[in-house]
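Given next are the chains, with one letter for each unit.
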Amino acid sequence: MIAKMINNFLDTDIGYSFKKSKIAISSTVVFLIIVFASLLAGIVAPYNPFDPASISLMDAFTPPIWVEGSNINFILGTDQQGRDMLSTMIYGSRISLTVGFASIIFAMILGVSLGVTSGYLGGRYEIVVMRFTDVQLTIPSILMALLVDGIARGFISKSLHNDMAIYVLILAIGISEWPQFARVTRAATLVEKNKEYILASKIIGLSNLVIMFKHILPNILRPVLVIATIGLSQAIITESTLSFLGVGFPPTNPSLGTLIRFGNNFLFSGEWWITFFPAIFLVVLALSINLLGDWMRDALNPKLKSR
Amino acid sequence: MSFLDIKDLDIEYQTRKETIEAGKNVSFSLERGEIIGIVGESGSGKSTVANAIINLIDKPGKITNGSIKLDGIEFCNNENIVQSVRGKKIGFIFQDPQTSLNPLFKIKDQLIETIQTHLKLNHNDAEKKSIDLLREVGIENPEKRINEYPHQFSGGMRQRVVIALAISCEPDLIIADEPTTALDVSIQFKILKLLKQLTIKRNLGVIIITHDMGVIAETTDRVVVMRLGKIVEQGKTTEILSNPQSIECKSLVMSVPPTNKKIDRFKLLNPEGKQVTNSSINLTNSIIKNWGVREINNKKLLDFINVTKIFDDNAIISTKKSENKIKALDRVSFQIFEGESFGLVGESGSGKSTIAKIVSSLISPTSGEVYFENVSLHDPKNKLIKNKFRGQIQMIFQDPYSSLNPRFKVKNIIAEPIKFFQKNIGSDLINKNVNDLIDIVGMSRQSLERYPHEFSGGQRQRISIARALATRPRLLICDEPTSALDVSIQAQVLNLLKDLQDQLNLTILFISHDLPVIRQMCDRTTVLKNGIVCETAETENIFNKPKHPYTKELLNLMPKIESVV
């Protein structure tokens, strides 16, 4: 079944361009490995870093295996609490990916619905929505996320805050990403709404809601898919930045950014691996998503097809 | 030895799945002072051959065999030689004057640049020559206009500039790829006249590529008829048009709507050369059973009274005075009676499509009234009325490529209006209706499970018609329904529309810029110019005894295939 679907996909024009692009294939493979590893973290990771029983402070600051003084049990070494770096990274990427996907879906729903409605309905509603996105775009996403986080801290008690961190981050990143979606979908809707099949639907008498979401939306999903992919890596990076700044995930539940922040303290005392491996991991993850997004943008753009 | 000699040219496009032969054994020749026409339907390879001459075939296409000789010099696959003559010995005129000039440069710069690339002239001489060229192609006041940008010229004037560019380096051969397709009839006439004059005056060889048999008849000395990459017939234009030999050519000539008489149905040939009769008539019986018989009583169906439409740019503060606003329609009135087909004809900008949009309630008129069955369609106090008549007025659009939602299966495209108007309908009945509809537009039921992109333009137009019929409309608006189609497909679609009208007692509002088509389709016709009605009369009277000077001019200028027969 799945093999048949993959075969069908590879037979289409897009699938063909995928097969021919080494970059697309390798970045998909890397991305899928990371996604599956993080989904199956409990099985794949050698240790559970959140299980206090498996952690021994005696093992703290063990270097990776190719450095002198290493321990064969910890391939990439351990951090200051004796947690296995590889395991914490796998668990950390799970958090990063969850936040990335969730916030992008949130941004996509918000941005696409505002973009389609404002593009289709026009008038004052469009002016208001588009000025909102303009204002939103003037605020750097990190600043926006800090703002949301700050407000959330004011409302949520400190004890709850650590548990709520994931929702606050999804909301914060989602809010800073939606204008991209709104602008792109509005532009695509403006093109689509003057096409004759939309006029035909209007003449039949279909309601605006049906026309917008049943007829227009499926036809503008390609650009949305492209910015969603590039936005995903953006969201992961934003999350890491926030965690690095200390407003993201707490040390008890570290994401990649939190790991980098810890490691940063030990960078100059010789324990470079604590920050180095999470940083490399983040770069590889973001790069694979970006390269995939780049390929997708070219492959889904009919104007660039001949290249 | 001829001036241009093309022999056994094979052109192939290698795609992932198959190799497409865009040209096969193409051979023809051209003398100086002669205009040759290449005619064929879309996909016949006529543009490919023209591009092959100047080695501009897009990848993955390539010339695999044959020779192209200009004055005895071999061109084929020799980029160095072609580069040196392209623009200099061979001028090219493209279809769309809107995009073939660079909008960022003045006309002067574009002309001088081209001239200086090929001729050794200094800037002043080149400018002088440019002015002369513009005068030669009939642009008034060239000294002043040469300093303008392309957007300051109208479509016809821009095409003249393109011609000036093409002849600027004194080429011996001009290739014109659909040079007048994007232009109105009156401008088309002038451009073709200009091309003919230049051919004689400068002793040029000219290749005109077109799908329009009228243009071929009026302009060319000899004609090459192509189909699916092969030449099916070539010879003197008069002979080919009056006495075609091959089946393909016969069917092409037969499908052209005659300008001098009204015929009942177009005759169609099947690939074996036998005449085919349309079979859609019997099929409509089942749908009539479903819908019930509708009687015609020749009463007034649509009344369009003094309608004016002004397009406002929707600025919050309007700086324009009301006199300066563009009136798309200016006090237009006409009536359509039940069961007739009513034609609207006019050039671009005459307001034809605006009328279609007002009748279909897509936009509201600025002033005036539209009555459907004596009920006002645009009564602001009574919005429900509009919805009541939604199903009764339906429309077929011009562009078959954008009028169907590409993400819907054909089945769902046709079923959607049925579901919308009959909320409680069962899925059996929907399927039955959809099957009936696809039958009467003459397509197979297998096509219901496919997506629009799998169909050709004519088939898509049939699907559009099925969708429009799904609500069982009384008034069907056809906005240029065949102008994007090949003539033989046009003939089929027009036949289908006539059959449907007879069987289903439809009233048709038929909008076209194409006078021969109007003559074949319409009982009564209104001629529009710049949003003003010139005259309304029986179609035969309009063609035989035009009253308004504009109508006379249009009739005079339209290319007539009969002119050579």
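This one's a predicted model, so the numbers in the text were calculated from it and none came from an experiment.

Asks: Kindly report on the overall build of chain B, identifying the contributing residues and their values.
Replies: Of the regular secondary structure elements, chain B holds 20 helices and 22 strands. In terms of C-alpha radius of gyration, chain B reaches 26 Å, essentially the compact-globule figure of 24 Å for 565 residues. Considered along the principal axes of its C-alpha atoms, chain B spans approximately 75 × 60 × 45 Å. Here chain B holds 565 residues, and 42% of them are scored as buried.

Asks: Run through the overall build of chain A, naming residues and quoting values.
Replies: Looking only at helices and strands, chain A has 13 helices and zero strands in total. Each principal axis of the C-alpha atoms in chain A carries an extent, and together these give about 75 × 50 × 30 Å. Expressed as a percentage of its 307 residues, the buried residues of chain A come to 42%.

Asks: Requested: an account of the sheet that holds strand β6 (residues 90-93) of chain B, with residues and values cited.
Replies: All names here are of chain B. Reading across the sheet, the six strands line up as β6-β7-β8-β3-β9-β10 and stay open at both edges, with mixed pairing between neighbours. Two strands lie at the open edges of the sheet, namely β6 and β10 (230-236), each paired on one side alone. Strand-to-strand twist across the sheet, computed as the mean angle between neighbouring axes with direction ignored, equals 15 degrees. As paired strands, strand β3 (residues 35-40) and strand β8 (residues 205-210) are joined by five bridges and run parallel to one another. From the neighbouring strand, Ile35 faces β8, where its bridge partner is Val206.

Asks: How would you summarise the sheet that holds strand β14 (residues 327-337) of chain B if you had to cite specific residues and measurements?
Replies: Residues and elements named next belong to chain B. One open sheet holds the four strands; their spatial order is β14-β13-β16-β17, and the pairing between them is antiparallel. Edge positions in the open sheet fall to β14 and β17 (375-376), since each of these has one partner strand only. Where strand β13 (residues 300-310) and β14 come together, seven bridges link them in antiparallel fashion. Looking across to β14, one finds that Lys309 is bridged to Leu329.

Asks: Which residues make up the environment of Thr117(B), and what are the values?
Replies: Along the polypeptide, Thr117(B) turns up in helix α3 (residues 107-118). Counting along the chain gives 123 residues from Thr117(B) to Ile240(B), while the straight-line C-alpha distance between them is 41 Å.

Asks: Quick one: what's the story with the interface of chain A and chain B, residue by residue and with numbers?
Replies: In this assembly, 14 residues from chain A lie in contact with 19 residues from chain B. In terms of residue class, the side of chain A that touches chain B is made up of eight nonpolar, three polar and three charged.

Asks: Quick rundown of helix α9 (residues 196-204) of chain A? Include the residues and the values.
Replies: Where burial is concerned, most of α9(A) is hidden: nine out of the nine residues are buried. Among the residues making up α9(A), those that are buried are Glu196(A), Tyr197(A), Ile198(A), Leu199(A), Ala200(A), Ser201(A), Lys202(A), Ile203(A) and Ile204(A). Turning to α9(A), the residues buried within the fold contact α8 (158-193) and α10 (208-216) of chain A together with β18 (393-396), α14 (410-421) and α16 (457-469) of chain B. Where α9(A) terminates, the next one or two residues include Gly205(A), which has phi positive at roughly 105 degrees.

Asks: Outline the pairing of strand β9 (residues 222-227) of chain B, listing residues and values.
Replies: Residue and element names in this part refer to chain B. A large share of β9 lies buried, amounting to six of its six residues. Both β3 and β9 contribute to a ladder of five bridges, which runs parallel. Directly across from Ile36, in β9, lies its bridge partner Arg222. Taken together, the six bridges between β9 and β10 define a ladder with antiparallel strand orientation. Bridge pairing links Val223 to Gly235 in β10. Here β9 folds back onto β10 in antiparallel fashion, the turn holding two residues, of which Leu228 has a positive phi close to 50 degrees.

Asks: Could you give an account of the confidence of the model for chain B, naming the residues involved and the relevant values?
Replies: The predicted coordinates of low-pLDDT regions are not to be read in fine detail. Confidence along chain B averages 84 in pLDDT terms, with 91% of residues attaining 70 or more. Taken together, the chains of this predicted complex give a pTM of 0.82 and an interface ipTM of 0.78.

Asks: Got a sec to walk through the pairing of β18(B)? Specific residues and values, please.
Replies: Residue and element names in this part refer to chain B. Taking every second residue as pointing to the same face, both faces of β18 are buried, with Ile393 and Met395 on one and Gln394 and Ile396 on the other. Two elements, β18 and strand β19 (residues 475-479), share four bridges in a ladder whose sense is parallel. Paired with Ile396 across the bridge in β19 is Cys478.

Asks: Residue-level account of the environment of Met130(A), with values.
Replies: Residues and elements named next belong to chain A. Locating Met130 in the fold gives a position in helix α6 (residues 123-138). On the basis of neighbour counts, which here come to 18 C-beta atoms within 10 Å, the residue Met130 falls in the partly exposed class. Not counting residues up to four positions away in its chain, the partners in contact with Met130 are Ser118 and Arg186.

Asks: Describe unusual backbone geometry, and please don't skip the residues or the numbers.
Replies: Residues and elements named next belong to chain B. Look at Asp71: it is not a glycine, yet its phi comes out positive at around 50 degrees. As for its placement among the helices and strands, Asp71 is situated in the loop between β4 (61-70) and β5 (73-74). Even without glycine at this site, Asn374 takes up a positive phi of about 65 degrees. Its location among the elements puts Asn374 in the loop between β16 (367-372) and β17.

So, how was this worked out
- Residues numbered from 1 in each chain as written.
- Chains lettered and ligands numbered in written order.
- Predicted model: local features only at pLDDT ≥ 70, side-chain atom pairs only at ≥ 80, totals over all residues.
- Helix = DSSP H or I, 4+ residues; strand = E, 2+ residues; numbered from the N terminus.
- Rg over C-alpha atoms; globule rule 2.2 N^0.38 Å.
- Buried ≥ 20, exposed ≤ 12 C-beta atoms within 10 Å, placed from the backbone.
- Pairing = 2+ DSSP bridges.
- Axes fitted to C-alpha atoms, helices over the stretch in contact; angles between N-to-C directions.
- Contact = placed C-beta atoms within 7 Å.
- Nonpolar A, V, L, I, M, F, W, Y, C, P; charged D, E, K, R; others polar.
- pLDDT = per-residue confidence, 0-100.

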